[in-house]
Structures are given as structure tokens and as C-alpha cells.
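Geometric and topological summary
The lines below spell out each chain.
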Amino acid sequence: MAITKIISGGHSHGALKGIIDYVMKDEKIPDHLIFMQGPFDEEEITPENVFDAFLEEKQTWNKDTGRMYYHVIVSFHEDEKITPEEVLDFGIEYADACFHDFQTLVTVHQDKDHLHLHFIINSVNFEDGHKFHSSKHDLEEMKHETDRLCEERELTITEKGLTFEHDLINDATGRSWDLYLHELFQCYDISYLKECAHCCAQAMSYCVDREDF
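Our subject in this report is the structure included herewith. (Residues numbered from 1 in each chain as written. Predicted model: local features only at pLDDT ≥ 70, side-chain atom pairs only at ≥ 80, totals over all residues. Heavy atoms only, no water.)

So, about the packing of aromatic side chains. Taken as a whole, this structure holds 8 aromatic pairs when the rule is applied. An aromatic cluster of at least three residues, connected via ring pairs, comprises Tyr70, Phe76, Phe90, Tyr94, Phe99, Phe102, Phe119 and Phe132. (Phe/Tyr/Trp six-rings, centres within 6.5 Å; stacked < 30°, edge-to-face > 60°.)

Next up, the structure:
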């Protein structure tokens with residue numbers, strides 16, 4: 001089971017530098033499972049030369065203003081039978097399918113119980129200079145691609161209303177494979193509060209911004 005989330009990126013060079021530094025922290029990528037898609041001339045992938053490559057592409061197209069990047073996360077359930085190396089292969093194929101003409105930094109984080117991928121996407125298309133745009137439809141397409149790659153690898157497919165073990169999620173159990181949400185559900189003893197928490201969690205998985213939520 002893999003969950004896909006898209007996070008709108010910042011509008012400054014500092015924000016771009018900050019997110020690149022974050023996803024490439026040594027303690028988060030102990031096996032250094034990283035990949036760069038698109039124009040990149042350096043042999044070694046470092047936060048500094050990734051940042052420089054993103055800026056160079058923006059300046060080439062005179063698009064060095066506005067939103068600097070987009071951030072997508074694909075998280076796997078802690079019990080999913082997949083290795084960190086296989087997660088990177090998944091991420092490389094996913095980046096090619098979803099962000100084909102955009103420079104994309106792919107990293108595999110291993111600092112939590114569940115493996116997860118971070119994609120930092122340059123907001124400028126390196127083929128034609130057009131800006132990256134995301135909508136609710138785009139998010140749905142990304143989720144479909146996540147499910148397709150999971151199915152291709154015989155991994156668990158996310159099904160609405162079901163846990164990783166394919167049990168029903170309801171107001172009595174208030175369960176979620178996400179540890180934070182699971183602990184949140186357990187805070188409520190009243191069933192309708194659990195139901196509200198579950199509905200909010202579902203809405204968060206489909207909405208792409210605060211207004212949509």
C-alpha cells in the first residue's frame with residue numbers, strides 16, 4: 001500500500017534550498033538512495049549542485065520567479081514487503097511517468113518505520129519552459145500511477161475505507177496505517193468524533209490545498 005501526497009512548494013530561493021537540504025539529510029537517507037531526473041551534469045548528487053541545477057534551468061527560460069518547486073511524497077506501509085532499493089526503483093519509474101519533462105530529485109527516506117519517497121520537482125519544464133501545474137485531477141492521476149506501480153510489483157493496493165490488512169475502517173475501530181492518524185483516532189472515545197476524524201483524514205488524502213479541504 002502506498003499513499004501519495006502533493007505539497008505546493010515555496011516561492012523563494014531560500015525555500016527551494018531548504019527543502020533540498022531537508023530531503024537529502026544524511027540521517028534520513030543512510031543508504032544514500034537518491035536519483036536526479038533531467039538535466040544534471042555532476043557525477044555526485046549533493047544539495048548544492050541540485051540547487052544550482054534547478055536555478056540554472058529556471059534562468060535558461062527566464063522563469064526564476066513565482067513557485068520554485070513542488071513536493072510529492074509517496075509513503076509505503078511499514079508491513080509492505082519492499083526493500084529500500086526497490087523503493088528507489090519505484091521512485092525512478094514514478095518520476096518518469098508523472099514528471100517526465102521536469103528536473104526531479106528523488107530520495108528514499110529510511111528514518112521512520114515506513115519507507116517513503118520524496119520528489120522535489122523543478123517548477124519549470126526543461127523541454128519548453130512551461131511551468132508545472134497541479135490540480136485535483138493531476139493528483140488523482142498520480143494516485144492511479146502509484147496504484148499501477150504497486151499492482152505491477154504485486155504490492156498492496158490502497159482501497160478506500162480499508163486498512164492495510166483489508167479490514168473495514170469505521171467509527172468503532174478508528175484505525176489508520178498512518179501512525180499519527182492512528183494515535184489521533186485513539187484520543188476519541190465518542191464514536192461520532194472518531195467518524196469526524198476519519199472523514200477529515202480521508203478528505204486530506206484527496207484535497208490538494210486548504211480551500212479544497
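All right, on to the sheet that holds strand β4 (residues 102-109) then. With antiparallel pairing, the 5 strands of this open sheet are ordered in space as β1-β3-β5-β4-β2. What marks the edges here is a single partner per strand, and that holds for β1 (2-8) and β2 (34-37). On average, each strand axis in the sheet is inclined to that of its neighbour by 15 degrees, with strand direction left out of account. With 7 bridges connecting them, β1 and strand β3 (residues 69-76) associate as antiparallel partners. Bridging across to β3, isoleucine 6 finds its partner in valine 72. Of the strands in this sheet, β1 and β3 touch helix α4 (residues 136-152), which is tilted by about 150 degrees from β1. (Pairing = 2+ DSSP bridges. Helix = DSSP H or I, 4+ residues; strand = E, 2+ residues; numbered from the N terminus. Axes fitted to C-alpha atoms, helices over the stretch in contact; angles between N-to-C directions. Contact = heavy atoms within 4.5 Å.)

Right, let's talk about the environment of histidine 71 for a bit. Take histidine 71: it is sitting in strand β3. It is 8.5 Å that separates the C-alpha atoms of histidine 71 and isoleucine 19, two residues lying 52 residues apart in sequence. For histidine 71, the contacting residues outside a window of four places in its chain are Lys5, Ile6, Ile7, Ile19, Val23, His118, Phe119 and Ile120. Among the polar contacts listed, one links the side chain of histidine 71 to the side chain of histidine 118, at a separation of 2.8 Å. (Polar contact = N/O pair within 3.5 Å; in protein donor to acceptor, adjacent residues only side chain to side chain.)

Let's shift gears to the environment of glycine 66. Along the chain, glycine 66 falls in the loop between α2 (47-60) and β3. With sequence-adjacent residues up to four places away left out, glycine 66 is seen in contact with Gly10, His11 and Lys131.

Applying the stated criterion across every chain, the model contains 7 salt bridges. Close ionic contact of lysine 17 with aspartate 21 constitutes a salt bridge, the shortest N to O distance being 3.0 Å. Here lysine 17 pairs with aspartate 21, and both are found in helix α1 (residues 13-23), just 4 residues apart, close to one helical turn. The closest approach of N and O atoms between arginine 148 and glutamate 152, which form a salt bridge, is 3.1 Å. Of this pair, arginine 148 and glutamate 152 both sit in helix α4, 4 residues apart, which is roughly one turn of the helix. Looking at arginine 148, the relative accessible area reads 35%, which means it is partly exposed. Residue class for glutamate 152 comes out partly exposed when judged on its relative accessible area of 47%. (Salt bridge = Lys/Arg side-chain N within 4 Å of Asp/Glu carboxyl O. Buried < 20%, exposed > 50% of the residue type's maximum accessible area, 1.4 Å probe, protein only.)

Turning our eyes to something else, we now look at the packing of α1 against α2. It is at 9 Å that the axes of α1 and α2 come closest, and there the two elements cross at 140 degrees. Our classification of the angle between α1 and α2 gives oblique. Handedness of the crossing formed by α1 with α2: right-handed. Contacts between α1 and α2 involve His13, Leu16, Lys17, Ile20 and Asp21 from the former and Pro47, Val50, Phe51, Phe54, Leu55 and Lys58 from the latter. Tallied by class, residues from the contact of α1 with α2 come to 7 nonpolar, 1 polar and 3 charged. (Parallel < 35°, antiparallel > 145°, perpendicular 65-115°, else oblique. Left-handed = near helix turned anticlockwise from the far one by under 90°. Nonpolar A, V, L, I, M, F, W, Y, C, P; charged D, E, K, R; others polar.)

It is worth spelling out unusual backbone geometry at this point. The phi dihedral of histidine 32 falls on the positive side, at around 55 degrees, and the residue is not glycine. Looking at the secondary structure, you find histidine 32 in the loop between α1 and β2. Even without glycine at this site, glutamate 154 takes up a positive phi of about 60 degrees. Tracing the backbone shows glutamate 154 in the loop between α4 and α5 (179-186). Classification of glutamate 154 as exposed rests on a relative accessible area of 75%.

In contact at an axis separation of 11 Å, helix α3 (residues 84-98) and α4 are set at 140 degrees when each is read in the N-to-C sense. Comparing their axes, α4 and α3 come out oblique. Crossing handedness for the pair α3 and α4: right-handed. Residues Phe90, Glu93, Tyr94, Ala97 and Cys98 of α3 lie in contact with α4, whose contacting residues are Met142, Glu145, Thr146, Arg148, Leu149, Cys150 and Glu152.

These values are about where atoms sit, not about what they do.
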